[in-house]
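Fold and contact review
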Amino acid sequence: MKTKEKLKKLFEENKGCFISGEDIGKKLGCTRCAVWKAVKSLRAEGYDIPAIQNKGYCLAENNDIITEEKIRKHLDTEKVKEINVFRSIDSTNSGLKTLAANGAPEGTLVISENQTAGRGRRGSSFFSPDNTGIYMSLLLRPDIPVTDAVKITTSAAAAAAEAIEELTGIPSKIKWVNDIYLRRRKVCGILTEAATDIECGRAEYVILGIGINVYPPSEDFPDEIKNTAGCVFEERISDMRSMLAARVISYFFRYYEELEKNTFFESYKKRIMWIGEKINIISPSGTVPAFLTGINDDCGLLVKYADGTEGVVTSGEISIRKKL
């Protein structure tokens, strides 16, 4: 084990306590210079390690760095086979696509401290600042028609909402199809991408991408989303991001194993926003006003149009109509 990994383990076991460089060197069997280099490397990865003269180094108690060990500690499923943790990546979905094409097994997870080119639905970007969020993609190889891939998206939305509620104690809502809202602010987005077997019309593999704003970004949200975006927690909590990622994955696999039974549906349905409200349905062909009356078993929106006709919306975006 490298000095840095040994030091990380020592810090985790003594979180909040100062240890002198000399004592660390004795425990790890290395020089004080090697200790300093290891501390410097851990700080570069985002670890908060204050140092005080004559006291030594200390891993701050509210450190929240994502690691494989911490994620596995909070998982209650054995379906996660491989966990790949990155300090930075262009996009976790893109990174996982490469692994999927090379035969990675179902249950392979890619998770990163930030994304330099995070992607959202319909070609939009996903704001992915460093050290404040969860950006992860999970590889699935379901034996389902491509048309049923929406169940993966909606069951993941239900799982994310439940995990956030479990750890905050605050009710969450789902803006159709898959945005999670907390305190009336969007805190989570989901992007599902499928590779299709054209001959049989079934999914070769599905990549489930989930992004969660866990803490406020250091420089606030960009202007285009600052009025709608929010975060799950206002203050950092030790190991919370690894814990939340693990809880989302655990809830999801409970639903995924019974996807054909739609066991996620009631959880999803009861959290849908704006039922009984006037909405706008936004699609490439334009914006259509309607009244949202409910949701059907396939997670399509039930709406009534201005002319009194009723319909089901299965694609596009929706927004609330402002009351005059």
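Up top is the structure these notes are about.
Before going into details, it helps to say that this report is about the structure given with it. These numbers come from a predicted model, not from an experiment.

1. Points about the nonpolar core
- One finds Phe252 and Tyr268 to be the most contacted residues of the largest nonpolar core, which totals 64 residues.
- Looking at this core element by element, the count peaks at 11 residues for helix α7 (residues 240–256).
- Excluding residues that lie within four positions of it along the chain, Phe252 makes contacts with Leu138, Leu140, Ile152, Ser155, Ala156, Ala159 and Leu208.
- Val39, Leu42, Ile49 and Leu59 belong to the second largest nonpolar core, which has 16 residues in total.

2. Regarding the packing of aromatic side chains
- Tallied over the entire structure, the rule returns 5 aromatic pairs.
- Ring centres of Phe127 and Phe221 lie 6.0 Å apart, and the angle between their planes is 65 degrees; on these two criteria the pair is classed as edge-to-face. Of this pair, Phe127 sits in the loop between β4 (108–112) and β5 (133–140) while Phe221 sits in the loop between β9 (202–213) and α7, and the two are 94 residues apart along the sequence.
- Among the residues examined, Phe221 registers a relative accessible area of 10% and is labelled buried.
- One aromatic cluster is present, formed by Phe252, Phe253 and Tyr256 through successive ring pairs.

3. Digging into the pattern of salt bridges
- In this structure the tally under the stated criterion is 22 salt bridges.
- Between Glu68 and Arg72 there is a salt bridge, and its shortest N-O distance comes to 3.0 Å. Of this pair, Glu68 and Arg72 both sit in helix α4 (residues 68–74), 4 residues apart, which is roughly one turn of the helix.
- In this structure Glu68 comes out as partly exposed when scored by relative accessible area, which is 29%.
- What makes Arg72 partly exposed here is its relative accessible area of 32%.
- Measuring nitrogen to oxygen at the nearest pair gives 3.6 Å for the salt bridge that ties Arg247 to Asp76. With Arg247 in helix α7 and Asp76 in the loop between α4 and β3 (82–86), this residue pair connects regions lying 171 residues apart in the sequence.
- With relative accessibility at 11%, the residue Arg247 sits in the buried group.
- On the basis of relative accessible area, Asp76 is assigned to the partly exposed category, the value being 42%.

4. So, the packing of helix α1 (residues 3–13) against helix α3 (residues 32–44)
- It is the contact of α1 with α3, at a shortest axis distance of 9 Å, that shows an interaxial angle of 75 degrees. By the angle between their directions, the pair α1 and α3 is classed as roughly perpendicular. Counting all contacts with α1, which are made through Thr3, Lys4, Leu7, Lys8 and Phe11, the residues of α3 involved are Ala34, Val35, Ala38, Val39, Ser41 and Leu42.
- Here the contact of α1 with α3 is composed, by residue class, of 7 nonpolar, 2 polar and 2 charged.

5. Some remarks on the layout of surface pockets
- A volume near 500 Å³ is recorded for the second largest pocket.
- What lines the second largest pocket is a set of 21 residues, and nearest its centre among them are Lys8, Tyr47, Thr67, Glu68 and Glu69.
- If you list the elements that add at least two residues to the lining of the second largest pocket, you get α1, α4 and β3.
- At 5 residues, the largest contribution of residues to the lining of the second largest pocket is made by α4.
- Its residues assigned to classes, the lining of the second largest pocket shows 7 nonpolar, 2 polar and 12 charged.

6. So, the side chain of Asp179
- Position of Asp179 among the secondary structure elements: in strand β7 (residues 179–182).
- With relative accessibility at 12%, the residue Asp179 sits in the buried group.
- Within the structure, Asp179 has its side chain in polar contact with the side chain of Lys186 (distance 3.4 Å).
- Residues contacting Asp179, with those up to four places away along its chain left out, are Lys173, Ile174, Lys186, Cys188 and Gly189.

How each quantity is defined
Residues numbered from 1 in each chain as written. Predicted model: local features only at pLDDT ≥ 70, side-chain atom pairs only at ≥ 80, totals over all residues. Heavy atoms only, no water. Core = buried A, V, L, I, M, F, W, Y, C linked by side-chain atoms within 4.5 Å. Buried < 20%, exposed > 50% of the residue type's maximum accessible area, 1.4 Å probe, protein only. Helix = DSSP H or I, 4+ residues; strand = E, 2+ residues; numbered from the N terminus. Contact = heavy atoms within 4.5 Å. Phe/Tyr/Trp six-rings, centres within 6.5 Å; stacked < 30°, edge-to-face > 60°. Salt bridge = Lys/Arg side-chain N within 4 Å of Asp/Glu carboxyl O. Axes fitted to C-alpha atoms, helices over the stretch in contact; angles between N-to-C directions. Parallel < 35°, antiparallel > 145°, perpendicular 65-115°, else oblique. Nonpolar A, V, L, I, M, F, W, Y, C, P; charged D, E, K, R; others polar. 1 Å grid on protein atoms, 1.4 Å probe; cavity = no way out; pocket = protein on both sides within 12 Å on 5 of 7 lines; lining within 4 Å. Points joined across faces, edges and corners; volume = space filled by probe spheres on them. Polar contact = N/O pair within 3.5 Å; in protein donor to acceptor, adjacent residues only side chain to side chain.

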